[in-house]
Structures are given as C-alpha cells and as structure tokens.
Amino acid sequence: MTLGDATPKEMVDQLAAQIKEADKPDTSSINQASLNVTFRVYYHIVHKYELPEKHFVDLPQLLSVEQSKVFLMLQSVLLDAQLIEGKCIDAIIAALQQNNTCLVRQLKATNLLVKKSPKLELLKLQLEHFYHCLQRQSQVGCREETLTLFNHCCK
C-alpha cells in the first residue's frame, strides 16, 4: 500500500475528515460500504505506522439515540464490546420508547457486535423489547434484524 506524496499522518487526517463528513446532519444517505472501507484503510494506516489514535477515541461515548449516525460508524469499527454493549441496548430501548426511526441502525450495529463478540448476553433486553421491535414493520429490515438478535439471545 502506497500513500503517494502524503505522509501517514496527513493521510489519516484526510480519511478522518471523510468519515466525519458522513456524521454531519445534512448527510441523509450514507454509503455503508464506502464508510467501512474508509475506516479499514484509516485503521490500517494507524496500526501500520504506529500513529496515536486521536480522531475516534470518543466514538463509544457518542452512542445514543440522538446521534444515530454514529451507529453506522460503529458498524465499521466495533471497539470495546463490553463498553459498547450497554450503549447499544440503551439506544435500542430509547428508540422504542420514542418510536424513533433509527431503530434499524441500532439493531444492525448490535447484531454486528454480537457476531464479533458472541459471548455477550445482552441481559438488559427483555422479551417485550423484541415484541415492540417486531411491531416496527414500517422500518425496512427491522424484522430480520430483530429476529437475528433474538436468536442470539436465546442461545
């Protein structure tokens, strides 16, 4: 992998700027595949050149129902599973209580989290939460994501 004329630090700064651009409120449609690739390249450069992580250290603290686009970023990064588990569950419960349209994003991120860390038990999620998720038929993919998560919790 070559960085061209840019230094590793300059390239990491450019990639971080592109990733943060996806988090702006006026960005309605985010290409998840592009975001995933950008994050992978970003972390590849950070690790290869042993650069300090300074752009996304606060990502786990930003996880909330109000900042739903951060869950798209989470799908690309998945940092500390124990720290993120509680945030994901809290955001799912809050989205259900507020009838928020970002529920599918949180379900997808949580499913990826349990896929990468299958020992997570998600004990705070109760049967009623899954029932309410299944009632959200207006959100494309909600049923599938809910059933996948429910299947994990039943193991």
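Report on the accompanying structure. (Residues numbered from 1 in each chain as written. Predicted model: local features only at pLDDT ≥ 70, side-chain atom pairs only at ≥ 80, totals over all residues. Heavy atoms only, no water.)

Considerations on the packing of helix α6 (residues 103-116) against helix α8 (residues 142-154)
Here's step 1: Two elements in contact, α6 and α8, have axes separated by 9 Å at closest approach and are oriented at 35°. Like other packed secondary-structure pairs, α6 and α8 cross with a definite hand, here left-handed. The residues of α8 that touch α6, namely those facing Leu-103, Val-104, Leu-107, Lys-108, Thr-110, Asn-111 and Val-114, are Cys-142, Glu-145, Thr-146, Thr-148, Leu-149 and His-152.
Here's step 2: A breakdown of the residues in the contact of α6 with α8 according to their chemical character gives six nonpolar, five polar and two charged. (Axes fitted to C-alpha atoms, helices over the stretch in contact; angles between N-to-C directions. Helix = DSSP H or I, 4+ residues; strand = E, 2+ residues; numbered from the N terminus. Left-handed = near helix turned anticlockwise from the far one by under 90°. Contact = heavy atoms within 4.5 Å. Nonpolar A, V, L, I, M, F, W, Y, C, P; charged D, E, K, R; others polar.)

Overview of unusual backbone geometry
Here's step 1: One non-glycine residue, Glu-50, lies in the positive phi region at around 50°.
Here's step 2: Along the chain, Glu-50 falls in the loop between α2 (32-48) and α3 (59-62).
Here's step 3: Classification of Glu-50 as exposed rests on a relative accessible area of 72%.
Here's step 4: Here Asn-99, not a glycine, exhibits a phi torsion of approximately 50°, which is positive.
Here's step 5: Tracing the backbone shows Asn-99 in the loop between α5 (81-98) and α6. (Buried < 20%, exposed > 50% of the residue type's maximum accessible area, 1.4 Å probe, protein only.)

Here's the deal with the packing of aromatic side chains
Here's step 1: The full count for this structure, using the stated rule, is one aromatic pair.
Here's step 2: Measuring from centroid to centroid gives 5.0 Å for Phe-130 and Phe-150, while their planes differ by 70°, and the two rings are edge-to-face. Of this pair, Phe-130 sits in helix α7 (residues 127-134) while Phe-150 is found in helix α8, placing the two residues 20 residues apart along the sequence.
Here's step 3: Look at Phe-130 and you get buried, because its relative accessible area is 6%. (Phe/Tyr/Trp six-rings, centres within 6.5 Å; stacked < 30°, edge-to-face > 60°.)

Quick notes on the state of the cysteines
Here's step 1: Summed over the entire model, instances satisfying the criterion amount to zero disulfides.
Here's step 2: No disulfide involves Cys-133; its sulfur sits 5.4 Å from that of Cys-142, the nearest cysteine.
Here's step 3: Free of any disulfide, Cys-153 has its nearest cysteine sulfur in Cys-154, 6.9 Å distant.
Here's step 4: A relative accessible area of 26% means that Cys-153 is categorised as partly exposed. (Disulfide = S-S within 2.5 Å.)

Things to note about the environment of Phe-150
Here's step 1: Judged by relative accessible area, Phe-150 falls into the partly exposed class, the value being 30%.
Here's step 2: Residues Phe-150 and Leu-125 lie 25 residues apart in sequence; the distance between their C-alpha atoms is 9.2 Å.

Structural notes on α6
Here's step 1: Look at α6: 20 Å from first C-alpha to last across 14 residues, which is about the 20 Å you get at 1.5 Å a residue.
Here's step 2: For α6, the complete set of buried residues consists of Leu-103, Val-104, Gln-106, Leu-107, Ala-109, Thr-110, Asn-111, Leu-113 and Val-114. (Expected span 1.5 Å × (residues − 1).)

As for the side chain of Asn-111
Here's step 1: Here Asn-111 is to be found in helix α6.
Here's step 2: Excluding residues that lie within four positions of it along the chain, Asn-111 makes contacts with Glu-145, Thr-148 and Leu-149.

Focus: the side chain of His-152
Here's step 1: In this fold, His-152 is placed in helix α8.
Here's step 2: For His-152, a relative accessible area of 13% translates into the label buried.
Here's step 3: Ignoring anything within four residues of it in the chain, the contact list for His-152 reads Val-114, Pro-118, Leu-120 and Leu-122.

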